[in-house]
Protein chains: 2
Amino acid sequence: VGDELDLVRRIAGWSAATLRSGSALTLGIGDDCAIYSPDGSAEDLLFTTDFLLEDVHFEVATHSAEEAGHKALARALSDIAAMGGDPRFCLVSLAFPKKLGERWAEGFYQGLTDLAKRFGVEVAGGDLARQPRVLVDLVVCGAVVRGGAMLRSGGRVGDGLYVTGPLGASARGLAQRKGKAWDRHRRPEPRVAEGRALREAGVRCAMDLSDGLSMDLHRLALASGLAAEITEVPRDRGATLEQALHGGEDYELLFASGRDVEGMIRIGTLREGTAGEVLWRGKPLRRAGFDHFARG
Amino acid sequence: VGDELDLVRRIAGWSAATLRSGSALTLGIGDDCAIYSPDGSAEDLLFTTDFLLEDVHFEVATHSAEEAGHKALARALSDIAAMGGDPRFCLVSLAFPKKLGERWAEGFYQGLTDLAKRFGVEVAGGDLARQPRVLVDLVVCGAVVRGGAMLRSGGRVGDGLYVTGPLGASARGLAQRKGKAWDRHRRPEPRVAEGRALREAGVRCAMDLSDGLSMDLHRLALASGLAAEITEVPRDRGATLEQALHGGEDYELLFASGRDVEGMIRIGTLREGTAGEVLWRGKPLRRAGFDHFARG
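What counts and what doesn't
- Residues numbered from 1 in each chain as written.
- Chains lettered and ligands numbered in written order.
- Predicted model: local features only at pLDDT ≥ 70, side-chain atom pairs only at ≥ 80, totals over all residues.
- Heavy atoms only, no water.
- pLDDT = per-residue confidence, 0-100.
- Axes fitted to C-alpha atoms, helices over the stretch in contact; angles between N-to-C directions.
- Helix = DSSP H or I, 4+ residues; strand = E, 2+ residues; numbered from the N terminus.
- Parallel < 35°, antiparallel > 145°, perpendicular 65-115°, else oblique.
- Contact = heavy atoms within 4.5 Å.
- Nonpolar A, V, L, I, M, F, W, Y, C, P; charged D, E, K, R; others polar.
- Buried < 20%, exposed > 50% of the residue type's maximum accessible area, 1.4 Å probe, protein only.
- Least-squares fit on C-alpha atoms with pLDDT ≥ 70 in both.
- Pairing = 2+ DSSP bridges.
- Phe/Tyr/Trp six-rings, centres within 6.5 Å; stacked < 30°, edge-to-face > 60°.
- Lys NZ or Arg CZ within 6 Å of the ring centre and 35° of its normal.

1. Considering the confidence of the model for chain A
No. 1: For chain A, per-residue confidence averages 93 on the pLDDT scale, and 96% of positions sit at 70 or higher.
No. 2: Confidence estimates for the predicted assembly give a pTM of 0.93 and an ipTM of 0.91.

2. What to know about the packing of helix H4 (residues 169–176) of chain A against helix H5 (residues 179–186) of chain A
For any two helices packed against each other, the geometry is given by the interaxial angle and the distance between the axes.
All names here are of chain A.
No. 1: Contact geometry for H4 and H5: axes closest at 7 Å, N-to-C directions at 110°. When the axes of H4 and H5 are compared, the pair comes out roughly perpendicular. Packed against H4, whose contacting residues are Ala169, Ser170, Arg172, Gly173 and Leu174, the element H5 presents Ala181, Trp182, Arg184 and His185 at the interface.
No. 2: Here the contact of H4 with H5 is built from residues that sort into four nonpolar, three polar and two charged.

3. A word on the side chain of Asp216(A)
All names here are of chain A.
No. 1: The residue aspartate 216 is located in helix H7 (residues 213–224) in this model.
No. 2: Using a relative accessible area of 0% as the deciding quantity, one classes aspartate 216 as buried.
No. 3: Every residue in contact with aspartate 216, bar those within four places of it in the chain, is listed here: Met207, Asp208, Leu209, Ser210, Asp211 and Leu254.

4. Overview of the environment of Ala81(B)
Residue and element names in this part refer to chain B.
No. 1: If you trace the backbone, alanine 81 turns up in helix H2 (residues 65–82).
No. 2: Residue classification places alanine 81 among the buried residues on the basis of a relative accessible area of 0%.
No. 3: The spacing of alanine 81 and cysteine 33 is 48 residues in sequence and 10.0 Å in space, taken between C-alpha atoms.
No. 4: Sequence-distant contacts of alanine 81, defined by excluding residues within four places in its chain, comprise Met150, Arg191, Val192, Gly195 and Leu253.

5. Considering the relation of the copies chain A and chain B
No. 1: Rotating chain A by 180° and translating it 0.0 Å along the rotation axis places it on chain B, where the RMSD comes to 0.0 Å. What the rotation and shift describe, once combined, is the action of a two-fold rotation axis. The C-alpha atom lying nearest the rotation axis in chain A is that of Ser41(A); the distance is 2.5 Å.
No. 2: Interface residue correspondence from chain A to chain B reaches 100%, placing this contact among same-surface, isologous pairings.

6. Brief notes about the sheet that holds strand E2 (residues 34–36) of chain B
Residues and elements named next belong to chain B.
No. 1: In spatial order, the strands read E1-E2-E3-E6-E4-E5; together these six strands make up an open sheet with mixed pairing. Only two strands of the sheet have a single neighbouring strand rather than two, namely strand E1 (25–27) and strand E5 (122–129). The mean angle between the axes of side-by-side strands here comes to 25°, regardless of whether they run parallel or antiparallel.
No. 2: Relative to strand E3 (residues 43–53), E2 runs antiparallel, the two sharing three bridges. Following the sheet pairing, alanine 34 is matched in E3 by phenylalanine 47.

7. Some details on the sheet that holds strand E11 (residues 265–271) of chain B
Residue and element names in this part refer to chain B.
No. 1: Spatial strand order, E8-E10-E7-E11-E9-E12-E13: seven strands in an open sheet with mixed pairing. The open sheet terminates on both sides in strands that have one partner only, identified here as strand E8 (205–208) and strand E13 (283–284).
No. 2: In this structure, strand E7 (residues 160–163) lies alongside strand E10 (residues 253–257), joined through four bridges in antiparallel fashion. In the strand pairing of E10, valine 163 is matched with leucine 254.
No. 3: Sitting on the sheet, helix H7 (residues 213–224) touches E7, E8, strand E9 (227–230), E10, E11 and strand E12 (278–280), and the angle it makes with E8 is about 150°.

8. Let's talk about the packing of aromatic side chains
No. 1: Per the stated rule, a full pass over the model turns up 15 aromatic pairs over all chains.
No. 2: Between Phe108(A) and Tyr109(A) the ring centres are 5.7 Å apart and the planes differ by 75°, which places this aromatic pair in the edge-to-face class. We note that Phe108(A), like Tyr109(A), is buried.
No. 3: Ring centres of Tyr162(A) and Phe255(A) lie 5.1 Å apart, and the angle between their planes is 15°; on these two criteria the pair is classed as stacked. Residue Tyr162(A) is located in strand E7 (residues 160–163), and its partner Phe255(A) is located in strand E10 (residues 253–257); the two are separated by 93 residues in the primary sequence. For the pair Tyr162(A) and Phe255(A), one class covers both residues: buried.
No. 4: One aromatic cluster is present, built from ring pairs that chain together Tyr36(A), Phe47(A), Phe89(A), Tyr36(B), Phe47(B) and Phe89(B).
No. 5: Its end group placed over the ring of Phe96(A), Arg130(A) keeps NZ or CZ at 4.9 Å from the ring centre.

This is the structure in C-alpha cells:
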C-alpha cells in the first residue's frame, strides 16, 4: 500500500507542475474523474481512465470475453457515477495475445457494447495492439451540469456517511467462485442512475467503492480533511465482516450528506479529527483494501 | 496488414452500433481523433488514445525513461496536430515492472511533463499498475474552433498532396542506431504549430505520418474516396527511397490542399480513380508501412 500511495503522490506532484491557473481543466488528479469545463457550455465534462489487466482484474480461464468487456467498461462507468455524471462516450484501447483469436476480441466487444448501449455510451475510438496478456485501458467521458459534480472533498463535519447497497458480495464471489456473488464479481453493475439521483437530491460528496470500504473511506475522509467513524457495516447476504470492510470491487457508491436520503444505508459520520482516519468500534481501522500496484 | 485492417474494420462496425444520431459525438472511429462538440461551446474537442508498448514502440535498453515519456506524449500530440488542434490536457495510464524501479517512473514523467509544459498540455490524471513489460496508454484532448478540424476525408479531386518535411529519418535512425536520425526516432517532434497554421490557412484535409507514407496516404485517399498519385518523395538526408516511402514514425503531417502553402513540400495529387489506390511512377504502390498489430 505504501508503495502505491507514495508513487501516486509523487506523480500527482509532477502532474501538478503542468497545471495552469485559469485553464478549463478545473479538477486534476486526486478524484474519481478529472473535470474539464468547455468554454461557453453549461456542462462540465468528466474524464476517467481505468486499466483492466489479465490476472489482476480478471482471468481468461474463469471470465468469458464478454465478461471482460463488460467489466472494463463497468469499472470506468462507476467513476462517472461517483460524480453524478451522465456517461457520454468511451475510448477503448485493447491489447491481446494472438492465441486468444479474433473470436475473443469479438466477445469482448459484444460484452462492452451491450453495456454501452444500455447506458447510452457511444464508442468513439481507441487503439489495438498485440501483447502476451490481455490489457485494456478504458476512457469514459461523462457530463454534468456546470459545478454540479460530487467530489471526494465535499464532505462536512457532521455529515452522515452512506452507501447505495450492502457490501462484500464481490469479495465473497471471488472466494467462492460460484453463485450470485461470483456473477456479481464478474459482471459489476455501475450505479449510474443512483449517482445521478444523489446529485439531483443535492448531495455534494461521493466516490465509488472499488478498492474496499476501509481504503476508499480513508480517501474520502482525507480529501474532505476530516475523520470518519463507522457505526454499521451492511453486509451482502453471506459476506463476512472482513469482506464487507475490506473487499474491493463492489462498485456501490459511498457518499456524505447532511440529511438522510431515501433508500440509502447509513454507515457512520464525518467528524473533526485526524484527516483520513477511519474509526470502527472506537479504534482506528487498518486499511486492507485491494492495492493493484503493490501486487504486480 | 490484412489482419489488423480486418479486425479494425469489424471493431468500427461494432462501435458504430453504439452511435446515436444527433449526439454531441460528431466523429467516431476512422480518423486521427474522435470529435465531441460540447453543447453551447464555440469549440470542438478532439480525443485520441495511443499505446506506447515496450519492444514495439521503444526498448528499455536503448531508450531512456525520459525518451519513453517524451515519445508516449509526442505520438498522441501528433494526432491532435493532424487535425489542427490546440492540445489541452492528457491522461497517462502507465504499467511497468517492479525491476525498473521508481526512478524509471520518475524519468518517464520527467520526459513526459517536459514535453507537456512546452506545448501547454496539462496532466489531468491517469492510472498506474504493475506489468512484466512497460505499457503506456496516452489520451490527449485538444480543441479546435467548431467545425474547423482537418479530416482525412476532406480531400477533393485535383488537390495537391503535401508533407511538412522530408521523410525517412526515423526509419534510418532505427536501422543505424546512431546520429541525428536515431535522436529523431527516439524524440519525435509533434507538428502542432504546423497543424494549427495549416488549419488557419484554410486547409481541410490532413493526417499525421505514423505508419509510413505508403500506408497513411492510402488511408487519406480511401477516406476521401479518391486515388493518389505521388510524383516526388522528399527524403531526409541519408534516408533511402524505401525508408521515405514506407518507414514509420516520422510524425510529419500529410495534407491535401487546392493551393500551394508556403514552406510545404508538394509530393503529388489526388485524382479520380479507385478509392485508396496510391500510384508511384505510374504503378500501384505496395503498402509496406509499419503494422503494430500484425507484429505482436
